[in-house]
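If you want the building blocks of each chain, they are given just below.
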Amino acid sequence: MMLQTNNKTISLIQKIALYFFVICFSLSNISFFNMLLSYLGYQGDVTLISSAIYAFLNLFILTYFVYYVLSHKKYKLFLVIVLINLVYILPHLLNFTLRGIALYLMFPLPFSLFAGIIVVDQNIRKKIIDVFYKLRYVYSILGIAYIFFLIFSSEKNKGALIDFTYGNVAWVFLPPIFVYIGLIIQKDIFHKSQQNKYKAFELIVILLILEITVFYTGLRSGILSLLFAKFLFLIGFIIVDFKQKSKYVTNFLVLLSIVLITYLISTTITLEKSRINVISNRFLYERKVHDNDEETRLESLSVDKFEDKEIEKILSRNISDSAPIDKINIVDVEDKQIKSVHSLFIKHITENDLTQEKTEKKLTEDIKNDTRKYVITRGADREKLSSYSIHKDRYNLWNMAFLEFKKSPILGRGPLFFQTKHDGFFPHNIIIEVLTDFGILGLIIFLSFSILLTYKSINYLKQKKDKEMLLILLLGLSYIPAYLLYNSLYSDNSLAFLITLLATYVILNRDNKEIKVNEETDNAI
């Protein structure tokens, strides 16, 4: 009786851990719980309550991991997981950022723990994929609900919910999209029984709904990710199982047709509140904001002392009254040049090691008090420039990161340098972040290990024909566009998952010569 009770308890813990782990891919950490509490009208500290809920559910993953290691005597797995996480958390340990350490233990660590179990247990792999499949109707309903939200929401929202941005919304649907791509690409859509054809058609319709939802969020990294994933899954499955290349190519064409239909629907049926309207005319719309940034720069002044009348006359030549605030002309006292306020702020932020916030405060106080230590402005511009701050869009973040990289191109500026200096913001590009913090040497090491681990993993998968593991690995690799446009190098859930998946799979298979042929994931549906 006791044994039966224990088995039921473990089974329940495993089920909760499985479902929570799958849902975690879509939660954007605690943002989802923050949103729910806000809409439910909770007036207290939503972050505290959300953190408590998330931590409680995390305990199921931790408990199941410990049970799995002890009951299956997977001590080597435990050691590998510990070493991987020590390396990944090391920047936070070196900088002794308690908040960073706590957030790592809260968010990336559970992803890493479960990735380890996935590597060693084929049954868990099947269950993970099965959970994604069982939740297909839930994702579909949420997608349709979001589209209705866009239809009836106010103009100012631009696709964002309370405490849940358009980016958060897109990443609710992208993980299941990746999995469903992997399931569809393996199916014999045109050759199986009527029932299987119905299931395949149903999944195609669900995939269409989810992709339309992602398009309407207007998240560029999300749109690129779902396109990238389709090519990635095609290449991955052909490499591992070349004999069935015709089936994979046929299904890939079906998947491409879904994207085409999605594009036609999202551009034909325009929703005014959707952020896709912001990017529809110019996908790299941020560049438009910064076009001709250099046009008003570097007009040298030959005088050492600046008279007010002369300053007013010089700075009025470009009619700064009607210019966007970034392009308002000022006098750089140190360089004795006329340049845009944007250029001056970028220069001061990147030339010293103060945080961006402190540098901007120093400059805005100089403008506000008209002390003219760093900058001289027209009287008409002083009020609006006294609260000026560099907008943290990708263009500016990449530009500042590159300028920091140039100071120490070989070894970089140090772990977490960019985030520490720029008030917690990151460049939204892992390659640029590695270059800034660890230099060219760090980038070479990072890319070498990434390519080597991926190459080794694919080789093992070719031997084993393990399509469940291949699908989950490709799920992790589908985040690559996000790594180049959205995510950070540090404490990233999906990156912790992918690193653990690749490293553990390679290490634990290094001495394993057994080749095992597994059934297709198609059977999980």
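Now for a look at the structure at hand. Everything numeric here is computed off the predicted structure, so don't read it as measured data.

Basis of the calculations
For every chain, the first residue of the written sequence is number 1, and numbering continues from 1 onward in sequence order. Note on the predicted model: pLDDT of at least 70 is required for a residue's local features to be given, and 80 or more for side-chain atom pairs to be given and counted; whole-chain, interface and lining totals, by contrast, use all residues. Water and hydrogen atoms were dropped before computing side-chain values, which therefore reflect all heavy atoms in the structure. Under the scheme used here, helices are H or I runs from DSSP no shorter than 4 residues and strands are E runs no shorter than 2 residues, and both carry numbers assigned from the N terminus. Only heavy atoms matter for contacts: two residues are in contact if any of them lie within 4.5 Å across the pair. Partly exposed describes any residue whose relative accessible area lies between the buried limit of under 20% and the exposed limit of over 50%, with all areas from a 1.4 Å probe on protein chains only and scaled to the type maximum. Stacked, edge-to-face and tilted are the three classes for Phe, Tyr and Trp ring pairs, Trp counted by its six-membered ring, which pair at centre distances within 6.5 Å; planes under 30 degrees apart are stacked, over 60 edge-to-face, the rest tilted. Placement of a positive charge over a ring is assigned whenever Lys NZ or Arg CZ falls within 6 Å of the ring centre and within 35 degrees of the normal to the ring plane. In this analysis, the expected span of each helix is defined as 1.5 Å times one less than the number of residues it contains. The bend at a residue is defined as the angle formed between two axes, one fitted to the seven residues ending at that residue and one fitted to the seven starting there. Under this definition, polar contacts are N or O atom pairs within 3.5 Å; protein pairs additionally need one hydrogen-donor-capable and one acceptor-capable atom, and for neighbouring residues in sequence, both atoms have to be side-chain atoms. Axes here refer to lines fitted to C-alpha atoms; in helices the fit is confined to the stretch in contact. Angles between the N-to-C directions go from 0 to 180 degrees. Here is the rule for angles: anything less than 35 degrees is roughly parallel, anything more than 145 is roughly antiparallel, 65 through 115 is roughly perpendicular, and the remaining ranges are oblique. By the convention adopted, Pro, Cys, Tyr, Trp, Phe, Met, Ile, Leu, Val and Ala count as nonpolar, Lys, Arg, Asp and Glu as charged, and the other residues, Gly among them, as polar.

**Let's talk about the overall build of the protein**
The helix and strand tally for the protein stands at 24 helices and four strands. Residue pairs at least 24 apart in sequence account for 75% of intrachain contacts in the protein once pairs closer than 6 positions are excluded.

**What to know about the environment of Ala 170**
Looking at the secondary structure, you find Ala 170 in helix 9 (residues 166-184). On the basis of relative accessibility, which here comes to 0%, the residue Ala 170 falls in the buried class. In this structure, the C-alpha to C-alpha distance between Ala 170 and Ser 221, residues 51 residues apart in sequence, is 9.4 Å. Setting aside residues up to four positions removed in sequence, Ala 170 forms contacts with Val 214, Thr 217 and Leu 219.

**Notes on the packing of aromatic side chains**
Pairs of aromatic rings are described using the distance from one ring centre to the other and the angle between the two planes. Using the criterion set out here, one finds 31 aromatic pairs in the structure. Relative to Tyr 54, the ring of Phe 20 has its centre 5.2 Å away and its plane inclined at 70 degrees; by these criteria the two rings are edge-to-face. With Phe 20 in helix 1 (residues 2-27) and Tyr 54 in helix 3 (residues 46-72), this residue pair connects regions lying 34 residues apart in the sequence. Judged on exposure class, the residue Phe 20 and its partner Tyr 54 are both buried. Centroid distance Trp 171 to Phe 178: 6.3 Å. Interplanar angle 65 degrees. Geometry classified as edge-to-face. Exposure class is identical for Trp 171 and Phe 178. Each is buried. An aromatic cluster is built from Phe 21, Phe 25, Tyr 64, Tyr 67, Tyr 68, Phe 111, Phe 114, Phe 132 and Phe 497, whose rings are joined through pairwise contacts. Between Lys 362 and the ring centre of Tyr 374, over which it is positioned, the NZ or CZ distance is 4.7 Å. Cation over ring: Lys 392 sits above Phe 425, and NZ or CZ is 4.9 Å from the ring centre.

**Some details on helix 21 (residues 430-464)**
For helix 21, spanning 35 residues, the distance from its first C-alpha to its last is only 32 Å, which falls clearly below the expected 51 Å at 1.5 Å a residue. Phe 438 marks where helix 21 bends most, by close to 125 degrees. Near the N-terminus of helix 21, the side chain that reaches the backbone nitrogen of Ile 431, with its oxygen 2.9 Å away, is that of Asn 429. Where helix 21 terminates, the next one or two residues include Lys 465, which has phi positive at roughly 55 degrees.

**Digging into the packing of helix 19 (residues 394-407) against helix 21**
As a packed pair, helix 19 and helix 21 sit with axes 9 Å apart at the nearest point and diverge in direction by 10 degrees. Overall, the two elements helix 19 and helix 21 adopt an arrangement that is roughly parallel. Touching Trp 398, Ala 401, Glu 404 and Phe 405 of helix 19 are Ile 432, Leu 435, Thr 436 and Ile 440, all from helix 21. In terms of residue class, the contact of helix 19 with helix 21 is made up of six nonpolar, one polar and one charged.

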